[in-house]
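Read off the chains here:
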Amino acid sequence: AQAVDGAVAGGRDDPAGRTLGDAVAGPAHEGTREGVLDRVLGIVHAAGREPVAHPPAGLIVLKPTAELQVMIEAAHAAGAGLKARFAQLAELAVRAKTGPADLVSIADEEAERTTHAILARARPAYGFLGEEGGVRAGSDDAHTWIVDPLDGTTNFLYACPLWGVNVALARENRVVAGVTYLPMVDETYVAAAGQGAWLNGQRLRVSSRGVLAEALL
């Protein structure tokens, strides 16, 4: 498997030349280039993959640009509303979109309206593509927000906490940044073109485990 920071490439955010995921780094830690956030072990050495009791000083931390910041804001705002609705499942109105297995709740639609309002306020010229409301053209046809306001509707409706909000930005029909927020576990995943992937502001990398028996699929 290749490291996630090679998954997407290219794209500039502003004339000053900042890319969509500028990062800052401190000094190296005990001979390794940086600390790494492992989804199971926590902060570990990049080389030895052994747990570290405290985050190393050299941990790379995401410094989001304006577009990433508004994407995170929109995802968090929608997630907060969904979390409140999750506590009111018995009262939630549900209908079928195309069949009994394809459910949509009023929570989906509320979340999409929330994300659209925040994204449109920040970049009013950008287009918007929402799972529930479809396409809303913008005067800037090079940029489009893409939103799945409630990814995991069935989980949500059956009280399973594994659901989230997805917000992406496409430039010239190519996705250059994405945010996924899981409100019930308070995890925010961010990926940006050429800048890798991040969890709650800390860099993610593919595990060095090379044996299938040691991996979780």
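Our subject is the structure listed above.
Please read all numbers here as calculations on a predicted model, not as lab measurements. (Residues numbered from 1 in each chain as written. Predicted model: local features only at pLDDT ≥ 70, side-chain atom pairs only at ≥ 80, totals over all residues. Heavy atoms only, no water.)

Student: Can you explain the overall build of the chain? Please cite residues and give values.
Tutor: Along the backbone of the chain there are three helices and 14 strands. The buried share of the chain, taken over its 217 residues, is 40%. Within the chain, residue pairs in contact and separated by at least 24 positions form 53% of the contacts whose partners lie at least 6 positions apart. Of the roughly 11,300 Å² of accessible surface on the chain, 56% is carried by carbon and sulfur atoms. (Helix = DSSP H or I, 4+ residues; strand = E, 2+ residues; numbered from the N terminus. Buried < 20%, exposed > 50% of the residue type's maximum accessible area, 1.4 Å probe, protein only. Contact = heavy atoms within 4.5 Å. Areas by Shrake-Rupley, 256 points an atom, 1.4 Å probe, with all protein chains shown as cover.)

Student: Please give an account of unusual backbone geometry that cites residues and values.
Tutor: Backbone geometry follows two general trends: most residues other than glycine have a negative phi, and most peptide bonds adopt the trans configuration. Phi is positive for Asp186, which is not a glycine, with a value near 55°. One can find Asp186 in the loop between β11 (174-182) and β12 (187-192). According to the relative accessible area criterion, Asp186 is partly exposed, its value standing at 47%.

Student: Give a detailed account of helix α1 (residues 66-86), specifying residues and quantitative values.
Tutor: A rise of 1.5 Å per residue sets the reference length of α1, with its 21 residues, at 30 Å; its end C-alpha atoms lie 30 Å apart and thus fit the reference within 8%. Among the residues making up α1, those that are buried are Glu67, Leu68, Val70, Met71, Ile72, Ala74, Ala75, Ala78, Gly79, Leu82 and Phe86. (Expected span 1.5 Å × (residues − 1).)

Student: Requested: an account of helix α2 (residues 106-122), with residues and values cited.
Tutor: For α2, which comprises 17 residues, the first-to-last C-alpha distance of 25 Å matches the rise-based estimate of 24 Å (1.5 Å per residue) to within 8%. Residues of α2 that are buried include every one of Ala107, Asp108, Ala111, Glu112, Thr115, Ile118 and Leu119, and no others. For α2, the angular spread of buried residues about the axis comes to 140°, placing them on one side. For α2, the exposed residues lying more than 90 degrees away from the buried face are Arg113 and Arg121. (Arc of directions from axis to C-beta.)

Student: So what about the pattern of salt bridges? Which residues, and what values?
Tutor: If you walk through the whole model with that rule in mind, you get four salt bridges. Among the ionic pairs, Glu110 bridges to Arg85, the shortest N-O distance being 2.5 Å. In this pair, Glu110 is assigned in helix α2 and Arg85 in helix α1, connecting sequence segments 25 residues apart. Arg85 gets classed as partly exposed once you look at its relative accessible area, which sits at 22%. Overlapping salt bridges, with partners in common, bring together Glu67, Arg123 and Arg171 in one network. (Salt bridge = Lys/Arg side-chain N within 4 Å of Asp/Glu carboxyl O.)

Student: Describe the environment of Leu182, naming the residues involved and giving the relevant values.
Tutor: Along the chain, Leu182 turns up in strand β11. Here Leu182 falls in the partly exposed class, since its relative accessible area comes to 22%. Here the alpha-carbon distance between Leu182 and Pro161, two residues 21 residues apart in the chain, equals 8.5 Å. Among residues more than four places away in sequence, those in contact with Leu182 are Trp163, Gly164, Glu187 and Tyr189.

Student: Tell me about the environment of Glu67, residues and numbers included.
Tutor: Position of Glu67 among the secondary structure elements: in helix α1. Overall, the relative accessible area of 2% leaves Glu67 in the buried class. On a C-alpha basis, the gap between Glu67 and Ala122 in space is 8.3 Å, while along the polypeptide they are 55 residues apart.

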